[in-house]
Amino acid sequence: MVAAAAEAVEELTRLYRELPPRPAVEEVEAAAAVLASADAEEEARLAEIAGEEARPVPGVPAELLDVLREAKRNAVSLRALLQRKEAAHVVELERRFKVFDDLIQRASRVVSPGDGGGGVGVVIVDEVVEVEAKRRPELAAAVAAAATEIDRGSKGGLGLEPKSLRRAASAGNDTEKLGLIQVASLIESSAKKGTTELNLRGKLVDQVEWLPVSLGKLQDVTELDLSENRIMALPSTIGSLRYLTKLDLHANQLINLPDTFGELSSLIDLDLSANQLKSLPASFGNLTSLANLDLSSNMLKVLPDCLGKLTNLRRLIAETNELEELPYTIGSCTSLVELRLDFNQLKALPEAIGKLEKLEILTLHYNRIKGLPTTIGQLNRLRELDVSFNEVEMIPENICFASSLVKLNVSRNFADLRSLPKSIGELEMLEELDISSNQIRVLPDSFGNLSKLRVFHADETPLEVPPKEAVKLGAQEVVNYMKNMVAARGASQKETDKRSFWAWLSSLFGCCRKDQGFGSLPA
């Protein structure tokens, strides 16, 4: 009887040994999460394509557009099918393993010592644990612990793979790219461990274009880096990450953000650069803790009015977009220190820009701005102003009140800019000035007061005063030239005025003599 039972146990062990590796518990949970969110994600993507159908594209035949959109729909459905297939495979695999669990438990009871099996039941369990150890040698310690637990008589939870073993199995190589199931598995394990920092920069395979809804389980995460992947959409559950202070999403393919994004109330640093965003959700204004925001290299044409609610915002980078105007509410972002708006389509700045009393850096390189608002003079902490490559025709005189200005670049406004403000000499802190490629011919007299100027560029500008020879000698030589010229002109003017006075007095005296009837004196 014992020999026959032993043969049966050996056959059972052989069958178990031939099974593929069992998925970790986190992988199973992750697969379930993927299946739960796959349908919703597919519907969302198809809805976006349907929205495109309402917008005709000039110059493209309607039939060709229909073919293109049908191809997009099929691509979305195919990707969703593949993702479901992988997740369904994991779930089905685990279901089959649970069947084996039950069968082995039954076999253990049948040949248990109490029934005269001579301890074969324990042998069955030991054989199974040994199989797992051979399959995954890196988990030997966990297997040994499991064997010890079984030897002590613990029969509960005989899932053939202790929880510690499963968790260790889910840990992958840091250099390995992760598929959707692996990402979901990592989210599950990170949530259970209470992970506070999660870095997935460039670690997702190209096929991962959306994240599972289980992302919302990362309740303890404070820093999350999902940059340099190909993510097109975020799940609405991202709003559950209430302790998140830093989120890096740069260099993805995000088209929009979920409305729940505004629920990230603890967010301080947010990088959304190098995506395909065309708008921001209305809830964006609820990110009132935000201090650093990078929106550069997107497709934004406007910034929402709710931006004005970000009263703690210190740094806003919105360069390389398609912005045509700034909201007037920008004036409410009174903590702003740095504002970069280069490479847009801005034609003007709102007068409210003058309310940004803490602003130190303002760059507007490569826009279509024709003039600066008069309120620019109210920015008394402004240290750097760049309006190069624009269509600026005039710089307001009251810029002299921006007395902290250290660097001023008004170059390459080409035929539009013909003069500098007469009061430019009031900018006593100015160290760098670039007026290259303009039509300025004469520098203002006050230029000689710029005693701290150390860099002066006037390339391709037809300066006559001072002459080009003086410009080549450097910034301070230009300053000294203008100072000496004004002083010499003043001295010359005094001499001229003196001569004019005596000439006037002499003519006046001659008139008086004639009026009194005096003739010429005798010879």
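Source: prediction; values computed, not measured.

Rules of the game
Residues numbered from 1 in each chain as written. Predicted model: local features only at pLDDT ≥ 70, side-chain atom pairs only at ≥ 80, totals over all residues. Heavy atoms only, no water. Helix = DSSP H or I, 4+ residues; strand = E, 2+ residues; numbered from the N terminus. Buried < 20%, exposed > 50% of the residue type's maximum accessible area, 1.4 Å probe, protein only. Contact = heavy atoms within 4.5 Å. Areas by Shrake-Rupley, 256 points an atom, 1.4 Å probe, with all protein chains shown as cover. Disulfide = S-S within 2.5 Å. Phe/Tyr/Trp six-rings, centres within 6.5 Å; stacked < 30°, edge-to-face > 60°. Core = buried A, V, L, I, M, F, W, Y, C linked by side-chain atoms within 4.5 Å. Polar contact = N/O pair within 3.5 Å; in protein donor to acceptor, adjacent residues only side chain to side chain. Pairing = 2+ DSSP bridges. Axes fitted to C-alpha atoms, helices over the stretch in contact; angles between N-to-C directions. Salt bridge = Lys/Arg side-chain N within 4 Å of Asp/Glu carboxyl O. pLDDT = per-residue confidence, 0-100. Expected span 1.5 Å × (residues − 1).

### Structural notes on the overall build of the chain
- Secondary structure summary: the chain contains nine helices and 12 strands in total.
- Here the chain, with 523 residues, has 44% of them falling under the buried criterion.
- Across the chain, the fraction of contacts at a sequence separation of at least 24, relative to all contacts at a separation of at least 6, is 43%.
- Entry remark: accessible area of the chain is about 26,800 Å², with carbon and sulfur atoms responsible for 54%.

### Considering the state of the cysteines
- Using the criterion set out here, one finds zero disulfides in the structure.
- Cysteine cysteine 306 shares no disulfide, and the gap to the nearest cysteine sulfur, in cysteine 333, comes to 9.8 Å.
- Taking the relative accessible area as the measure of exposure, cysteine 306 reaches 12% and is therefore buried.
- According to the relative accessible area criterion, cysteine 333 is buried, its value standing at 0%.

### Concerning the packing of aromatic side chains
- By the definition in use, this model includes five aromatic pairs.
- For the pair phenylalanine 261 and phenylalanine 284, a centre-to-centre distance of 6.3 Å together with 0° between the ring planes defines the contact as stacked. Note that phenylalanine 261 is positioned in the loop between β3 (246–248) and β4 (269–271) and phenylalanine 284 in the loop between β4 and β5 (292–294), a separation of 23 residues in sequence.
- Here phenylalanine 447 and phenylalanine 456 contribute two aromatic rings whose centre-to-centre distance is 5.5 Å and whose plane-to-plane angle is 65°, an arrangement assigned as edge-to-face. Across this residue pair, the class does not change: phenylalanine 447 and phenylalanine 456 are buried.
- Of the aromatic side chains, those joined through ring pairs into one cluster are Phe343, Tyr366, Phe389 and Phe414.

### Points about the nonpolar core
- With 100 residues, the main nonpolar core has Phe261, Phe284, Phe447 and Phe456 as its most contacted residues.
- Among the secondary structure elements, those contributing two or more residues to this core are α2 (25–53), α3 (62–110), α7 (180–193) and α9 (475–515).
- Once you skip the residues sitting within four places of it in the chain, phenylalanine 456 turns out to touch Leu433, Ile435, Leu443, Phe447, Leu463, Val471, Ala475 and Val478.
- Listed in part, the six residues of the second largest apolar core include Tyr16, Leu93, Phe97 and Phe100.

### What about the environment of aspartate 271?
- By the element assignment, aspartate 271 lies in strand β4.
- Overall, the relative accessible area of 19% leaves aspartate 271 in the buried class.
- Expressed as a C-alpha distance, the spacing of aspartate 271 and lysine 246, which sit 25 residues apart in the sequence, is 8.5 Å.
- The residues contacting aspartate 271, other than those within four sequence positions of it, are Leu247, Asp248, Leu249, His250 and Asp294.
- Among the polar contacts made by the side chain of aspartate 271, one reaches the side chain of serine 273 at a distance of 2.7 Å.

### Here we look at the environment of aspartate 39
- Mapped onto the elements of the fold, aspartate 39 is located in helix α2.
- Residue class for aspartate 39 comes out partly exposed when judged on its relative accessible area of 41%.
- C-alpha of aspartate 39 to C-alpha of serine 77: the two residues are 38 residues apart in sequence and 9.8 Å apart in space.

### Some points on the sheet that holds β4
- The 12 strands are arranged β1-β2-β3-β4-β5-β6-β7-β8-β9-β10-β11-β12 in an open sheet whose pairing can be described as parallel. Single-partner strands in this sheet number two, and they are β1 (197–199) and β12 (455–457). Strand-to-strand twist across the sheet, computed as the mean angle between neighbouring axes with direction ignored, equals 5°.
- Taken together, the three bridges between strand β8 (residues 361–363) and strand β9 (residues 384–386) define a ladder with parallel strand orientation. Considered in β9, the bridge of threonine 363 is made with aspartate 386.

### Thoughts on the pattern of salt bridges
- If you walk through the whole model with that rule in mind, you get 15 salt bridges.
- Arginine 14 serves as the salt-bridge partner of glutamate 11, at 2.5 Å between the closest nitrogen and oxygen. In this pair, glutamate 11 and arginine 14 both sit in helix α1 (residues 2–17), three residues apart, roughly one turn of the helix.
- Glutamate 92 is the salt-bridge partner of arginine 95, the closest N and O atoms lying 2.8 Å from each other. Of this pair, arginine 95 and glutamate 92 are both found in helix α3, three residues apart, which corresponds to roughly one turn of the helix.
- Three or more residues joined by partner-sharing salt bridges are found here, namely Glu92, Arg95 and Arg96.

### Some words on the confidence of the model for the chain
- Per-chain confidence: the chain averages 82 in pLDDT, with 79% of residues scoring 70 or above.
- Considering only residues more than four positions removed or in separate chains, one finds that residues 115–120, a stretch of pLDDT under 50, has nine contacts.
- Contacts of residues 518–523 to residues separated by more than four positions or lying in other chains number three contacts, the stretch itself having pLDDT below 50.

### Overview of α7
- With 14 residues, α7 extends 20 Å between its outermost C-alpha atoms, agreeing within 8% with the 20 Å of an ideal straight helix rising 1.5 Å per residue.
- Leu180, Ile181, Val183, Ala184, Ser185, Ile187, Glu188, Ser189 and Ser190 are the residues of α7 that are buried.
- Remark: glycine 194 follows α7 within two positions and exhibits a positive phi of approximately 75°.

### What to know about unusual backbone geometry
- Cis rather than trans, the peptide bond between valine 465 and proline 466 has omega equal to 0°.
- With respect to the helices and strands, proline 466 occurs in the loop between β12 and α8 (468–472).
- Even without being glycine, alanine 251 reaches a positive phi, approximately 60°.
- For alanine 251, the location among the structural elements is in the loop between β3 and β4.
- Of note in this structure, glutamate 460 is not a glycine but carries a positive phi near 60°.

### Describing the environment of serine 335
- Tracing the chain through its elements places serine 335 in the loop between β6 (315–317) and β7 (338–340).
- The buried category is assigned to serine 335, whose relative accessible area is 15%.
- Sequence-wise, serine 335 and arginine 314 are 21 residues apart; in three dimensions their C-alpha atoms are separated by 5.3 Å.
- Discounting residues that sit within four places of it in the chain, serine 335 has contacts with Thr311, Asn312, Leu313, Arg314 and Lys358.
- Within the local environment of serine 335, its side chain forms a polar contact with the backbone oxygen of threonine 311, the two atoms lying 2.6 Å apart.

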